[in-house]
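# Coordinates in review
Here is how the chains run, residue by residue.
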Amino acid sequence: MPRTPSIQVRDLEKTFTLHHQGGVTLPVLERISFDAGPGDCLVLAGPSGTGKSTLLRCLYGNYLASGGSIRVRDGDRFTELTQAPEQTILRLRREVIGYVSQFLRVIPRVTTLDVVAEPLRQSGMAAQDARDQAAAMLARLNVPERLWALPPATFSGGEQQRVNIARGLIGGHPVLLLDEPTASLDADNRAVVVQLIRDAMAAGRCLIGIFHDDEVRAAVATQTLAISPVVVDKTASQPAFA
Amino acid sequence: MSAIQPLLSVRNMTHTWDGVHGCRDIDFDLFPGEVLCVVGESGSGKSTLLQAVSYQVTPKFGSVWYDTRDAGFTDLARLTAAERRMLARTDWGFVRQNARDGLRMQVSAGANIAERLMAIGDRHYGDLRAVAGEWLSKMEIEADRLDDTPQQFSGGMQQRLQIARNLVTRPRMVFMDEPTASLDVSVQARLLDLLRQLVTDLDLAAIVVTHDLAVARLLAHRTVVMRGGYIVESGLTDQILDDPQHPYTQLLVSSILQS
Amino acid sequence: MIPAHVHPAAPVERDPHYNFGYLDESTKRMLRRALLKAVAIPGYQVPFGSREMPLPYGWGTGGIQVTAAIIGANDVLKVIDQGSDDTTNAVNIRRFFGRVTGVATTESTRDASIIQTRHRIPETPLGKGQIMVYQVPIPEPLRWLEPSETETRTMHALAEYGGMHVRLYEDIAQYGHIATTYDYPVMVNGRYMMRPSPIPKFDNPKLDHSPALMLFGAGREKRVYAVPPYTSVKSLDFADHPFTIEQWDECCDVCGSTNTFLDEIILDDQGTRRFVCSDTEYCAHHAAGAEDKKEPAQQRAAAARVDASTIGHIPAGAAS
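Cut-offs applied
- Per chain, residue numbering runs from 1 following the sequence as it is written.
- All chains are assigned letters beginning at A, and all ligands numbers beginning at 1, according to the order in which they are written.
- With the structure being a predicted model, the display of local features is reserved for residues of pLDDT at least 70 and the display and counting of side-chain atom pairs for 80 or more, all residues being used for whole-chain, interface and lining totals.
- In this description, a residue-residue contact is defined by the distance between C-beta atoms placed from the backbone, which must lie within 7 Å.
- Each helix corresponds to a stretch of at least 4 residues labelled H or I by DSSP, and each strand to a stretch of at least 2 residues labelled E; elements are numbered beginning at the N terminus.
- Polar here means any residue outside two lists: the nonpolar Ala, Val, Leu, Ile, Met, Phe, Trp, Tyr, Cys and Pro, and the charged Asp, Glu, Lys and Arg; Gly therefore counts as polar.
- With C-beta atoms placed from the backbone, the exposure class of a residue follows from how many other C-beta atoms lie within 10 Å of its own: 20 or more, buried; 12 or fewer, exposed; in between, partly exposed.
- Here, any two strands with at least 2 DSSP bridges between them count as paired.
- Each axis is a line fitted through C-alpha atoms, and for a helix only the stretch in contact is used; angles between axes span 0 to 180 degrees, taken between their N-to-C directions.
- Confidence of the prediction at every residue is given by pLDDT, a number between 0 and 100.
- By definition in this entry, angles of less than 35 degrees are roughly parallel, angles greater than 145 are roughly antiparallel, angles of 65 to 115 are roughly perpendicular, and the rest are oblique.
- Note: crossing handedness is left-handed where the near helix turns anticlockwise from the far helix by less than a right angle, and right-handed where it turns clockwise.
- Where each domain begins and ends follows an automated or database-derived domain assignment.
- Any helix carries an expected span of 1.5 Å times its number of residues minus one.
- Think of the arc as the fan of directions from the helix axis to the C-beta atoms.

## What to know about the interface of chain B and chain A
Contact residues are listed per partner, giving 18 residues for chain B and 13 residues for chain A. For the side of chain B that touches chain A, the secondary-structure elements that each account for two or more residues are α7 (185-201), β10 (230-236), α9 (237-242) and α10 (247-254) of chain B. Residue contributions to the side of chain B that touches chain A peak at 4 residues, all from α10(B). The residue inventory of the side of chain B that touches chain A, partitioned by class, reads 7 nonpolar, 6 polar and 5 charged.

## Considerations on the environment of C:R118
Residue and element names in this part refer to chain C. Relative to the helices and strands, R118 resides in strand β4 (residues 114-118). Given 25 C-beta atoms within a 10 Å radius, R118 is considered buried. Considering only alpha carbons, one finds R118 and R95, 23 residues apart in sequence, at a separation of 16 Å. Not counting residues up to four positions away in its chain, the partners in contact with R118 are G60, D81, Q82, N89 and Q135.

## Notes on the sheet that holds strand β10 (residues 233-235) of chain C
Residue and element names in this part refer to chain C. Ordered in space as β7-β6-β10, the 3 strands form an open sheet in which the pairing is antiparallel. Of all the strands in the sheet, the pair left with one neighbour each is β7 (192-194) and β10. Strand-to-strand twist across the sheet, computed as the mean angle between neighbouring axes with direction ignored, equals 30°. The sheet contact formed by strand β6 (residues 186-188) and β7 spans 3 bridges and is antiparallel.

## Comments concerning the arrangement of the chains
Inter-chain contacts occur across 2 pairs of chains; the most extensive set of contacts lies between chains B and C. Taking C-alpha atoms only, the smallest gap left between chain A and chain C, which are not in contact, amounts to 35 Å.

## Focus on the sheet that holds strand β3 (residues 104-105) of chain C
Residues and elements named next belong to chain C. Taking strand neighbours across the sheet as the criterion, the 7 strands line up as β1-β9-β8-β5-β4-β2-β3 in an open arrangement whose pairing is mixed. In this open sheet, the two strands that pair with only one neighbour each are β1 (46-47) and β3. In terms of strand pairing, strand β8 (residues 213-218) meets strand β9 (residues 223-227) through 5 bridges, oriented antiparallel. Across the sheet, the residue bridging to L215 is A226, located in β9. Along the sheet, helix α1 (residues 25-40) makes contact with β1, β8 and β9, crossing β9 at roughly 45°. Packed onto the sheet, helix α2 (residues 61-70) meets β4, β5 (131-135), β8 and β9 and runs at close to 150° relative to β5.

## Here we look at the pairing of strand β9 (residues 222-227) of chain B
All names here are of chain B. Most of β9 is tucked away: 6 of the 6 residues are buried. Residues R222, V224 and M226 of β9 are buried on one face, and the alternating residues T223, V225 and R227, pointing to the opposite face, are buried as well. In the sheet, β9 pairs with β10 via 6 bridges, with the strands oriented antiparallel. Bridge pairing in β10 places V225 opposite E233. Between β9 and β10, which follow one another and run antiparallel, lie 2 residues, and G228 among them has a positive phi close to 60°.

## Here we look at the confidence of the model for chain B
The predicted model of chain B averages 92 in pLDDT, with 98% of residues at 70 or higher. Taken over the whole predicted complex, pTM reads 0.83, whereas the ipTM for its chain interfaces reads 0.87.

## Concerning the interface of chain B and chain C
The partner chain C presents 14 residues to the 17 residues of chain B that form the contact. Put simply, the parts of the chain that give the side of chain B that touches chain C at least two residues each are α2 (81-90), α4 (109-119) and α5 (125-138) of chain B. Residue classes in the side of chain B that touches chain C are distributed as 8 nonpolar, 4 polar and 5 charged.

## Remarks on helix α1 (residues 46-53) of chain B
Every α-helical turn comprises 3.6 residues, leaving residues that sit three or four positions apart pointing alike. All names here are of chain B. With 7 of its 8 residues buried, α1 lies for the most part within the structure. Three or more residues of α1 are buried, namely K46, T48, L49, L50, Q51, A52 and V53. At the C-terminal side of α1, Y55 shows a positive phi close to 60°.

## Some remarks on unusual backbone geometry
Even without being a glycine, B:Y55 presents a positive backbone phi close to 60°. Relative to the helices and strands, B:Y55 is located in the loop between α1 and β4 (61-68). By C-beta crowding, B:Y55 is classed as partly exposed, having 19 other C-beta atoms within 10 Å. In this model, C:N189 sits at a positive phi of 55°, which is unusual for a non-glycine residue. Mapped onto the elements, C:N189 comes out in the loop between β6 and β7. What makes C:N189 partly exposed here is the crowd of 16 C-beta atoms within 10 Å.

## Looking at the packing of helix α3 (residues 112-122) of chain A against helix α5 (residues 157-170) of chain A
All names here are of chain A. α5 packs onto α3 with a crossing angle of 20° between their chain directions and a minimal axis gap of 7 Å. Regarding the angle of α3 to α5, the classification is roughly parallel. Seen from above, α3 lies across α5 with right-handed handedness. Contacts between α3 and α5 pair T112, V115, V116, E118, P119 and L120 from the former with V163, A166, R167 and I170 from the latter. Looking at the contact of α3 with α5, its residues break down into 7 nonpolar, 1 polar and 2 charged.

## Considering the domain arrangement of chain B
All names here are of chain B. Once the domains are mapped, chain B shows domain 1 (1-91 + 172-259) and domain 2 (105-170). Placing a centre on the C-alpha atoms of domain 1 and another on those of domain 2 gives a separation of 26 Å. Domain 1 puts 12 residues into the contact, and the matching count from domain 2 is 13 residues. Listing elements by their share of the side of domain 1 that touches domain 2, those giving two or more residues are α2 and α7. Considering every element that reaches the side of domain 1 that touches domain 2, the biggest residue donor is α7, with 5 residues. Residue classes in the side of domain 1 that touches domain 2 are distributed as 8 nonpolar, 2 polar and 2 charged.

## So, helix α6 (residues 187-202) of chain A
Residues and elements named next belong to chain A. In this model α6 runs 22 Å from its N-terminal to its C-terminal C-alpha over 16 residues, within 8% of the 22 Å that 1.5 Å per residue would give. Within the span of α6, buried status applies to V193, I197 and A200. Along the axis of α6, the buried positions cluster into a sector of 60°, meaning they face one direction only. For α6, exposure combined with an orientation more than 90 degrees from the buried face picks out A187, D188, D199 and A202. At its buried positions, α6 is contacted by β3 (41-45), α5, β7 (175-179), β8 (206-210) and α7 (214-220). Looking at the residues trailing α6, positive phi occurs at G204, about 95°.

Structural data, given as structure tokens:
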């Protein structure tokens, strides 16, 4: 019996226009199409610089798609992300689509515990309950308790990455985008993250991720989408920016 | 699912001081609990936009609608001056760049904070003082400074006092004109963090005018970029900063010195 | 209309070179219109065309213009200054009206139909049909807060009076109590904030629901305002710091009164002091009535009666 997909992408395109470099256009994504549903872990594969991160950012609304469609399952219907008003995208980020970025953007003065608790607070949970859940998640990821009351600015790359993962996973979003979540982690912590990913898949969440580590990829992938670099036809003329 | 009603709607608004300089064709909505940053360089018209939207001047053209507590979604031009002033003192806040312009410098911090409450009829000295004291600690100022005048405060403290003075009536919307621009860099971070928390805790909607993209990144859900009086681009803050479309926005974003 | 025991004629001869009441008829009409408007809007400051008077600003030109506009041939005029009928200003103003109207004058509060005053309300309760005219230096209660006239007018129009309570809050924060003791701001008819002129706060309660008509004139500032009879006049305060009036441990040395406003008089270089009623007419009247009883305290007071006109008079709480 076919499952209803959580996310449906058709002919997604993304081209950057750099107005201050002579208006040069950089096509990065072309004709990307896929479906992913609950329990899936779709791995984006391809050489670096081919737009895997760009694809994730388009799915999060962080980059504007230049063409094509991204439909996200929103309750009992689908919402077209590329046409959605900003308030809808903000709501989808709160309720439907989570994102684990490659680098943690640090806000000064906010403690690690509060960074991780924030998605729960945003969905209305009381402060103490949110912090309790955040503590549990951080413990699972082996982030030492003495760090919880500190802002993550001075943490190591691996510690920051784990804080990022905790924040991304804690909200229970049906769709989760992961950009190199294990890049800075040692083998033990990689294993923890793999387990967390597996738990999420078992709970019916749909994951789309970039993993540069072959082992991790093998451990979690249910689908793979190869992204090849866009071939620019150099014989055709480059349109100047209009 | 029904759409949420905007708190503030600006349509086709134009306001110029001399027929030339100001803001033109401004269109945007602000939703409850949402922070909108208006980003632009000097002369972009962003301060004029703020003044016109908050009806400190009557816009020359266009309309501003606000979801009032009593009468629902109303065109502000239809309110009397008295009603607008009452709105400005209770349901709105206005934080000025220079704290001195938004405070009574000769009067104690406690009186500065409690004034709005006294203006709406609160008459118990003990309660007023207690509320003022609570707000002082919320703004991370020591409680024993309650009877000191703002003359004796540092710039950062004065700015935090100004904010408390505006928030004491629990407004739903706050206008801020370059709230950190007059402060030292080290002090700015603290103020921005405080603002961030307050916006969340009090479910505040805010329009923040700034030339500093870092302020937008930290505080705002959505951002509009102004140039030459017009809005040239608008969208989610992270999208504007990470994937700017308009040439001017790209120039602005690429000009930030990476720390 | 004039009671028999009132002086039948003014002590000064009527000077026929002046129009009745000194002001010309058109000016009196303009003032009356302004006063009617003031009475119609209790506590609201009405601008008027203040005229050149034969005394400088600061000496009661506003009060004199108001009296001049309303006084009629059958009126009986009392003039007091700091509660006394025989201080220089009171004497001069009474003489002035004698010269320009020939109207009967009196020192008795009960017998007067118009009482012009600087800085006090008489202790004798006022009755229906009497008019008090107050001399006002600064009519605007918000002037200390806001120097701009357009802005204060807007604040009155919109009833934006929060700033005034800021002043009271500051007093309590600084001194533990509200420090204003004269010209204490009041709310009239629940709508306009008003300055009752520099009367001590002791007198504020006399304004509330008085049977008399209260008219206020500020000559330099060119404003008149009014409190009609039986109007609510409430002194500003806080729920937990209610309005209170002055109290003395002493009673009046002359008449023994314990419930009037007392002046403190220094008698000699050693600082010997006496407390005497500020309202001289009330004091004399009260003392005369009590002399029959021959109480020891009053006998001593009668024996050492102070002649206020010969000793330096330093009233308590006076504006300098």
